[in-house]
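Residues per chain, in single letters:
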Amino acid sequence: MASRTGKTRMARKVRQARKGKARKRAQQNKGTTPKFPIHI
């Protein structure tokens, strides 16, 4: 079983990763992608 700290850290990581997803997708569809590669 994962520790509470481990779960919290993972949840935070996931939350951070999801933050800019909608904006990135919108930009990608418009063709105005940033210079760096978009991470999944």
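Scope of this entry: the structure provided in the associated data block. The shown structure was predicted, so the numbers you read here are calculated from the model rather than taken from an experiment. (Residues numbered from 1 in each chain as written. Predicted model: local features only at pLDDT ≥ 70, side-chain atom pairs only at ≥ 80, totals over all residues. Heavy atoms only, no water.)

1. Some words on the overall build of the protein
Then, number 1: Summing up its helical and strand segments, the protein has two helices and zero strands in all.
Then, number 2: Referenced to the eigenvectors of the C-alpha coordinate spread, the extents of the protein come out at roughly 45 × 15 × 10 Å.
Then, number 3: Burial status across the protein gives 2% buried among its 40 residues.
Then, number 4: As presented, the protein carries roughly 4,200 Å² of accessible surface, and 54% of it is formed by carbon and sulfur atoms. (Helix = DSSP H or I, 4+ residues; strand = E, 2+ residues; numbered from the N terminus. Buried < 20%, exposed > 50% of the residue type's maximum accessible area, 1.4 Å probe, protein only. Areas by Shrake-Rupley, 256 points an atom, 1.4 Å probe, with all protein chains shown as cover.)

2. Looking at a positive patch on the surface
Then, number 1: On the surface, R9, R12, R15, R18, K19, K21 and R25 cluster together to form a positively charged patch.
Then, number 2: Residue assignment for the positive patch shows that the elements contributing at least two residues are α1 (4-18) and α2 (21-30).
Then, number 3: With respect to the helices, strands and loops of the structure, K19 is situated in the loop between α1 and α2. (Patch = residues over 30% accessible without salt bridge, like charges linked within 9 Å, V, L, I, M, F, W, Y side chains within 5 Å. Salt bridge = Lys/Arg side-chain N within 4 Å of Asp/Glu carboxyl O. Lys, Arg positive; Asp, Glu negative; His and termini not counted. Charge placed at Lys NZ, Arg CZ, Asp CG, Glu CD.)

3. What about the environment of K19?
Then, number 1: A residue is classified by how much of its surface remains accessible, and K19, at 63% relative accessible area, is exposed.
Then, number 2: Linking K19 and H39, residues 20 residues apart in sequence, is a C-alpha distance of 12 Å.

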